[in-house]
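Spelled out from the first residue to the last, the chains are:
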Amino acid sequence: MARIDLRSDTVTKPTPAMRRAMADAEVGDDVFGDDPTVIALEERAAELLGKEAGLFVASGTMGNLVAQMALLARGQETIAGREHHLVIDEAAGHAVIVGTSIRSLEDRPDGTVDPDAIDGAFRNPEDPHEPITGLVTIENTHAHSMGQPLTAEYTRRVAEIAHAHGVPLHVDGARFWNAVVAQGVRPTDLSDPADTVTFCLSKGLACPVGSVVVGRRDVIWRARRARKMVGGGMRQAGILAAAGLVALADGAGGMIDRLAEDHANARRLAEALSGMDGVVAPGGTAQPGDGPLDPDRVRTNFVLFRVERDRGEFLAALRARDVEMVEYPHGQVRAVTHYGVTSADIETTIDATRAALAETSRTGVPAGSVSASA
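Residues numbered from 1 in each chain as written. Predicted model: local features only at pLDDT ≥ 70, side-chain atom pairs only at ≥ 80, totals over all residues. Heavy atoms only, no water.

**Student:** Can you tell me about unusual backbone geometry, naming the residues and giving the values?
**Tutor:** Residue N140 is joined to T141 through a cis peptide bond whose omega torsion reads 0 degrees. Position of T141 among the secondary structure elements: in the loop between β5 (133-139) and α7 (152-164). Positive phi is not limited to glycine here, since M146 has a value of about 75 degrees. Located in the positive-phi region is H330, a residue other than glycine, with phi close to 65 degrees. Tracing the chain through its elements places H330 in the loop between β12 (326-328) and β13 (332-336). (Helix = DSSP H or I, 4+ residues; strand = E, 2+ residues; numbered from the N terminus.)

Structural data, given as structure tokens:
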């Protein structure tokens, strides 16, 4: 049986259309600014999100990094959620490379940070003891709340607060398109309030490599210089960008609309898990408490839960059945649906999970722990 890999939506393989486009891509030297396929991808991304310009980067982490470098001065501070990817999963690049600090606030179960808390977190610029607040960031979708999509209304509210204080808003939109599809909104509804947005091509959109940052032309120019500084200047990168153009195509020819299939598959898995003896709520912001898993929490392609089992033994028992999930913070298990995982695979996963629970020893609800995420 072929392995069913639910560890992340980064494990996808390029579609046949992507492989053909990559093989046939017209290329140049992107550092000189003359790779036509990269230019086309950057223009397409900017057009879709209603921004002036875009920048193709190697990863979402690089996208967040160069956006910070373009928007912040050394010694300034960013306001962000405590569990945001930018805070806990990017190797402290904000401190090591950008030279800034982060004021982290509590995330809520809907993936938001209290707007009043954001407003109250701005530093007093007249006090020499305090850093100067230079940026506000949000994460959409919000991974640790089980992939909750943030609304256009919330994004506008946070942007209003940031702009009232004279600072920009950056959206870490690694899974931005999942948020668009889950809510049935236009991409510009979620991007318009923000000054910069990063989204990944290599997660739900199934491209082999890359992310795009979009924003004002002058900001993206500074981000381009920052990309060069951190070693992100790629040469014949059109071979990679070609897959991104396929992903961002309209309708059935692209990879955006099909994200609804991933969401439906995740919901089906959650519904089955919620009725299994030994599966409980994930806890944390994903679903506070120790009751049963609530499938209504699954809005996009993330399913988070805990098992009343030794987690390592449970995952090993799944792996023996050719199903892969992964450890996640707070003692959780994560399953992420994506291109290449079918509804039939979900039914196989359900059967494998039930069998893995049956053959592993029962323990209490596991204590929280932290592991890396992507």
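**Student:** So, the nonpolar core: which residues are in play, and what are the values?
**Tutor:** Counting residues in hydrophobic clusters, the biggest one holds 52 residues, and the most contacted among them are I118, W177 and L248. Ranked by residue count, the leading element in this core is α7, at 6 residues. Setting aside chain neighbours within four positions, we find W177 in contact with L48, L49, P187, F199, L205, L248, I256 and L259. (Core = buried A, V, L, I, M, F, W, Y, C linked by side-chain atoms within 4.5 Å. Buried < 20%, exposed > 50% of the residue type's maximum accessible area, 1.4 Å probe, protein only. Contact = heavy atoms within 4.5 Å.)

**Student:** Help me get a handle on the sheet that holds strand β4 (residues 101-105), residues and values and all.
**Tutor:** On the basis of which strands lie adjacent, the open sheet formed by 7 strands has the order β2-β8-β7-β6-β5-β3-β4 and mixed pairing. Each edge of the sheet is formed by a strand with only one pairing partner; in this case those strands are β2 (53-57) and β4. Direction aside, the axes of adjacent strands within the sheet are offset by 20 degrees on average. Pairing between strand β6 (residues 169-173) and strand β7 (residues 196-200): 4 bridges, direction parallel. Residue G173 lies in a different strand from β7, and its bridge partner there is F199. (Pairing = 2+ DSSP bridges. Axes fitted to C-alpha atoms, helices over the stretch in contact; angles between N-to-C directions.)

**Student:** So what's going on with the pattern of salt bridges? Which residues, and what values?
**Tutor:** Tallied over the entire structure, the rule returns 27 salt bridges. Between R7 and D5 there is a salt bridge, with its nearest N and O atoms 2.6 Å apart. Across the pair R175 and D9 runs a salt bridge whose closest N-O atoms are separated by 2.8 Å. Highlighted residues: R175 in the loop between β6 and α8 (176-183) and D9 in the loop between β1 (4-5) and α1 (16-24), separated in sequence by 166 residues. Overlapping salt bridges, with partners in common, bring together R3, D5, R7, R319 and E324 in one network. (Salt bridge = Lys/Arg side-chain N within 4 Å of Asp/Glu carboxyl O.)

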